Amino acid sequence: MSQERYNPQDIEQKWQRRWADEHAFDCDHNSDKPKYYLLEMFPYPSGNIHMGHVRNYSIGDVMARCKRMQGFNVLHPMGWDAFGLPAENAAIKHRTHPAKWTYANIDNMRAQLRRLGYSYDWRREVATCRPEYYRWEQLFFLRLLEKGLAYRKKAPQNWCPSCHTVLANEQVIDGLCWRCDSRVEQKDLTQWFLRITAYGDELLQDLSKLEGGWPDRVIAMQRNWIGKSTGAAIRFALEKPAATAEGEEASFIEVFTTRPDTVFGVSFVTLAPEHPLVESLIAGYDKADEVRAFVTRIRNMDRLERQSDTLEKEGVFTGAYVVHPFTGERVPIWLGNFVLADYGTGAVMGVPAHDQRDFDFARKYGLPVRVVIQPRGERLDPDAMTEAYTGEGVMTHSGQFDGVPNVDGKAAVAAELERQGKGRATTQFRLRDWNISRQRYWGAPIPVVYCEQCGMVPEKEENLPVLLPLDAQVRDDGKSPLPELDSFARCVCPKCGGPARRETDTLDTFVESSWYPARYTSARKDDAPFDMEALNYWMPVDQYVGGVEHAILHLLYSRFFTKALRDLGFYPPHLDEPFTRLLTQGMVLKDGGKMSKSKGNIVAPADMIEKYGADTVRLFCLFAAPPERDFDWSDSGIEGSYRFLQRVWRLFEESRDRLSPLKACGATADDAAAGEARALRRKEHLTVKKVSEDMQPERSQFNTAISAVMELVNAMYLAREKMGRSEAENRVFSSAMASVLTLLAPFTPHLCDELWERMGHDGLLLNETWPAWDEAALAQDTVTIALQVNGKLRGTIEAPAGADKAALEELARADANVLRHTDGLTVRKVIVVPGKLVNIVAN
């Protein structure tokens, strides 16, 4: 009988058309089934998908398809993170408009994703650059502004000279721009911020809700970034009042410390070089120019380097003093490269004896070291100390607190400072407010105007969206054209009707990606951002899939937005977290390195699909390694996956005359009465059990699941040669074939739907119920027992499952190999491990 060859190109396009025609992946919130929202991080539309995309989306698709078959109502959408620097820079490079570039890339990438057969509900597709999307973002901004969660201030900002825009702290990696690797500078700019710090406590506390669902390292990264510290704010009165940059007069400097118990050990106060009082403090100082030079040099240092424990401490005296809040002593004010303006108050108290950083600084510049915490049973000599003492002890040289254990002294000192009006107990976060202003064109306009009469005025909600003008011409140098585009910048004040100018900064693209999962639940709604009924049904996302590189930026911002929009009434009250479970997939490498054009090690998915088919590409990406691990692309590896699918196809074709349309695990125990049939049925049910367990979200071990199916296919090839062709035996073989196709369907859906149809079934495998194994079918009739003589393997026997020790010893003593190796010896002892081995000790 002639056999048809496996032709993935024809098969895959056939089934993609069928799925589209039947709306196979559409879903609705009006369902009695339990819901499951599966989401992968949406892509920036660069023009072509890469292997990292394929792996990410294949992982998600397997989970989505499996959940459908397990009886869930699955939401699995796709969209485009379409605003931002990458698209604008690429458009400039290719001398086209960002909109034209972006929409063409979306069309191309959508076609590529469709070609891979992913089970997306394309009716819900969104693109963040479309007005129907960002109009709601502008509404959120206005409500955040109204509640004081959005605000404007002037402060030193991270400035990328190549991208001509500011960057959030999280977007500066080792002192470089996260997009173009240019050295980031510091600039004083007035910018828009979101008050993410208002949710610092909740963001930290709610990490406990994610334990068990998120990777431990991601939770740890978020916890460290939020960086909660408990201590005291202490006011050191200025010896002379100083003026701020805004002209206001300051009479004190406030420091934050986690060690108020050491306040009597202060010998200097250190300010960040960016501190707003610096210029006033050095006025009239004969070394003011030296201080200014230090400020300029340190401001442009890498922020992370300035926080490093290995940083060489540098400083300069300002010539100014503060007054100690308890002793009245004059304390010199220094500037230090290790103090940041946006952490705490931008000022720290120097206690060299009990802080290693301060100790190093004091020894370098000859500042006093004063011991105010003595360890019990010891006496520290400040002149002999080679490092700071940071342990517990008793307060000394601390006035009224002498003799108080320092752990109790922390609260006691804070309370006394508060009584005197010189400080208070407080909590500080490492987390900084989120800078959302970007000085680029391709982004969502910020909906405010500036009027000479009224000042800053929010746009009226009925005037939204404030449209980004598509007739703007991008500039070769990357600077935004919006400030010079009068048709956009000139406008009417919403308050007084007089002439005004629009804000020409645009929103950081991370704003768009902070709420997109919610928009998918009602993507076509045009009179509100969400259908509350749909949002309440679908959210939170049950499983999120994406790269660990977003552990801080995107995930933290999404968590903040969820809490803020909940409190603004856009989200239901119960929605505290956006993502219940998180899977962070590893990278696809080539020759040990990350794939990149510059390295010339790109493997194009389109080329692989053309050569091997989408099913093979999907299968290899999932079989090569566990999802969370990196894997190195291998030509032999994808060839192996292709051979396996050919092997499945060939097994089906060569066995068609014995196959009937049974479902997975459809053969009964009566069908499997014969030995080979019983063994195959047992292997089938073992495989279903193994794959089902590996596919659970808490495991997601797709590589071992695929391996188990491969073993079942091997068993079917062997069993086919030994089994008879009775109707019962053919039913067992058909059941095993159905299980192979059903278990493989989430991984290689085109091949499996094709063979399922050829097997005589109606309908799609996607709509089949996930198979259930029978525990009784897992029982073994016989087990293999290893036979040892004096610990050396001398053979094996088949014994009835459940045979006791006496029976196994009797069988072992009768074995020819055992008799040969014990001939002439006296058996001294017999060790029996039921179900495994018998060891005969003889001499």
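The paragraphs below set out a description of the structure included in this document. (Residues numbered from 1 in each chain as written. Predicted model: local features only at pLDDT ≥ 70, side-chain atom pairs only at ≥ 80, totals over all residues. Heavy atoms only, no water.)

Before going further, it helps to examine the overall build of the protein. Across its full length, the protein carries 26 helices and 32 strands. With respect to the principal axes defined by its C-alpha atoms, the protein has extents near 105 × 80 × 50 Å. Across the protein, the fraction of contacts at a sequence separation of at least 24, relative to all contacts at a separation of at least 6, is 73%. Accessible area for the protein stands at about 35600 Å²; split by element, carbon and sulfur atoms hold 48% of it. Of note, the protein has its 105 positive side-chain charges centred 2 Å away from the centre of its 118 negative side-chain charges. (Helix = DSSP H or I, 4+ residues; strand = E, 2+ residues; numbered from the N terminus. Contact = heavy atoms within 4.5 Å. Areas by Shrake-Rupley, 256 points an atom, 1.4 Å probe, with all protein chains shown as cover. Lys, Arg positive; Asp, Glu negative; His and termini not counted. Charge placed at Lys NZ, Arg CZ, Asp CG, Glu CD.)

Moving on, we come to the sheet that holds strand S24 (residues 541-547). The strand order across the open sheet built from 4 strands is S2-S1-S24-S25, with neighbouring strands paired in parallel fashion. In the strand order of this sheet, the two ends are held by strand S2 (73-75) and strand S25 (579-585), each with one partner. Strand-to-strand twist of the sheet, defined as the mean angle between neighbouring strand axes without regard to direction, takes the value 20°. As defined by bridge partners, strand S1 (residues 35-40) adjoins S24 across 3 bridges and the pair is classed as parallel. Within S24, the position partnered with Glu40 by the bridge is Val545. (Pairing = 2+ DSSP bridges. Axes fitted to C-alpha atoms, helices over the stretch in contact; angles between N-to-C directions.)

So, about the nonpolar core. If you look at the biggest cluster of nonpolar residues, it comprises 186 residues, and the most contacted ones within it are Met51, Phe141, Trp434, Phe561, Trp633, Met737 and Phe747. Ranked by residues supplied to this core, first place goes to helix H22 (residues 702-722) with 11 residues. (Core = buried A, V, L, I, M, F, W, Y, C linked by side-chain atoms within 4.5 Å. Buried < 20%, exposed > 50% of the residue type's maximum accessible area, 1.4 Å probe, protein only.)

Let's shift gears to the packing of aromatic side chains. Counted by the stated rule, this structure contains 43 aromatic pairs. Taken together, a centroid distance of 5.6 Å and an interplanar angle of 35° make the contact between Tyr6 and Trp649 tilted. With Tyr6 in the segment before helix H1 (8-21) and Trp649 in helix H20 (residues 635-654), this residue pair connects regions lying 643 residues apart in the sequence. Here Tyr6 matches Trp649 in class, with each residue buried. (Phe/Tyr/Trp six-rings, centres within 6.5 Å; stacked < 30°, edge-to-face > 60°.)

With that out of the way, let us pick up the packing of H20 against H22. Packed helices, taken two at a time, are described by the angle their axes make and the gap between the axes. It is the contact of H20 with H22, at a shortest axis distance of 11 Å, that shows an interaxial angle of 35°. Helix-helix and strand crossings are classified by hand; for H20 and H22 the assignment is left-handed. On H22, the residues touching Phe644, Arg647, Val648, Arg650, Leu651 and Glu654 of H20 are Val709, Met710, Val713, Asn714, Met716, Tyr717 and Arg720. A breakdown of the residues in the contact of H20 with H22 according to their chemical character gives 8 nonpolar, 1 polar and 4 charged. (Left-handed = near helix turned anticlockwise from the far one by under 90°. Nonpolar A, V, L, I, M, F, W, Y, C, P; charged D, E, K, R; others polar.)

Turning our attention to the sheet that holds strand S17 (residues 434-435). Strand order in this open sheet of 4 strands is S4-S3-S7-S17, and the pairing throughout is antiparallel. Both outer strands of the open sheet, strand S4 (165-167) and S17, are each paired with one neighbouring strand and no more. Inspection of the sheet shows strand S3 (residues 150-160) paired to S4 by 3 bridges, in the antiparallel sense. Residue pairing for S4: Trp159 is matched across the bridge by Val166.

Okay, the packing of helix H21 (residues 675-694) against H22 next. Two elements in contact, H21 and H22, have axes whose closest approach is 9 Å; the angle formed by their N-to-C orientations is 170°. The orientation of H21 with respect to H22, classified from their angle, is roughly antiparallel. Of the residues in H22, those touching H21 at Glu676, Leu680, Lys683, Glu684, Thr687, Lys690, Val691 and Asp694 are Thr704, Ala705, Ala708, Val709, Glu711, Leu712, Ala715, Met716, Ala719 and Lys722. Looking at the contact of H21 with H22 residue by residue, the classes come out as 9 nonpolar, 2 polar and 7 charged. (Parallel < 35°, antiparallel > 145°, perpendicular 65-115°, else oblique.)

With respect to the secondary-structure elements, Pro834 resides in the loop between strand S31 (827-833) and strand S32 (837-842). Separated by 49 residues in the primary sequence, Pro834 and Ile785 have C-alpha atoms spaced 8.4 Å apart. With sequence-adjacent residues up to four places away left out, Pro834 is seen in contact with Lys805 and Leu808.

Going from Leu464 to Pro465, the amide bond is cis rather than trans, its omega being 0°. Turning to its location among the elements, Pro465 is positioned in the loop between strand S20 (455-458) and helix H13 (486-489). Of note, the amide linkage connecting Met539 to Pro540 takes the cis form, showing an omega dihedral of 5°. Within the secondary structure, Pro540 sits in the loop between helix H16 (532-538) and S24. With phi around 55°, His164 is a residue other than glycine that occupies positive phi space. Tracing the sequence through the fold places His164 in the loop between S3 and S4. What makes His164 buried here is its relative accessible area of 16%.

Bridge analysis of strand S29 (residues 782-789) against strand S30 (residues 792-800) gives 8 bridges, and the strand direction is antiparallel. Of the residues in S30, the one forming a bridge with Ala786 is Thr796. Relative to S32, S29 runs parallel, the two being bridged by 4 bridges. The partner of Val789 across the bridge, within S32, is Ile840.

Its 15 residues place the ends of helix H17 (residues 553-567) 21 Å apart at the C-alpha level, agreeing with the 21 Å of an ideal helix rising 1.5 Å per residue. With 14 of its 15 residues buried, H17 lies for the most part within the structure. In the stretch just after H17, Gly569 is the one whose phi turns positive, near 90°. (Expected span 1.5 Å × (residues − 1).)

So, on to the pairing of strand S22 (residues 499-502). The side-chain alternation of S22 yields one buried face, formed by Ala500 and Arg502, and one unburied face, formed by Pro499 and Arg501. Note: strand S19 (residues 448-451) against S22, 3 bridges, orientation antiparallel. Considered in S22, the bridge of Tyr450 is made with Arg501. Across 3 bridges, strand S21 (residues 490-492) lies against S22 in antiparallel orientation. Note on S22: the bridge partner recorded for Arg490 is Arg501. Here S21 folds back onto S22, and the loop between the two strands holds 6 residues, one of which, Gly497, carries a positive phi near 80°.

A separate point is empty space enclosed by the protein. Evaluated as defined, the whole model comprises 6 cavities of 30 Å³ or more. Counted as a void, the largest cavity has a volume near 140 Å³. Around the largest cavity, the lining comprises 17 residues; the ones closest to its centre are Gly84, Leu85, Arg438, Asp508 and Thr509. Those elements that provide at least two residues to the lining of the largest cavity are S4, strand S23 (506-507) and helix H14 (509-512). (1 Å grid on protein atoms, 1.4 Å probe; cavity = no way out; pocket = protein on both sides within 12 Å on 5 of 7 lines; lining within 4 Å. Points joined across faces, edges and corners; volume = space filled by probe spheres on them.)

Another point: the side chain of Arg110. Of note, Arg110 is situated in helix H4 (residues 98-115). Of the residues examined, Arg110 reaches a relative accessible area of 17% and is grouped as buried. There is a polar contact of 3.0 Å between the side chain of Arg110 and the side chain of Glu125. With residues up to four places along the chain from it excluded, the contact list for Arg110 reads Trp80, Trp122 and Glu125. (Polar contact = N/O pair within 3.5 Å; in protein donor to acceptor, adjacent residues only side chain to side chain.)

Counting through the fold element by element, Pro626 comes out in the loop between helix H19 (614-623) and strand S28 (631-632). Along the chain, Pro626 and Tyr151 lie 475 residues apart, while their C-alpha atoms are 44 Å from each other. Setting aside residues up to four positions removed in sequence, Pro626 forms contacts with Arg55, Gln701 and Asn703.

Here the focus is the pattern of salt bridges. Scanning the entire structure with this criterion turns up 60 salt bridges. A salt bridge links Glu254 to Arg424, with the shortest nitrogen-to-oxygen separation between them at 3.0 Å. Of this pair, Glu254 sits in strand S9 (residues 249-257) while Arg424 sits in strand S16 (residues 423-429), and the two are 170 residues apart along the sequence. Note on Arg424: relative accessible area 35%, which makes it partly exposed. (Salt bridge = Lys/Arg side-chain N within 4 Å of Asp/Glu carboxyl O.)

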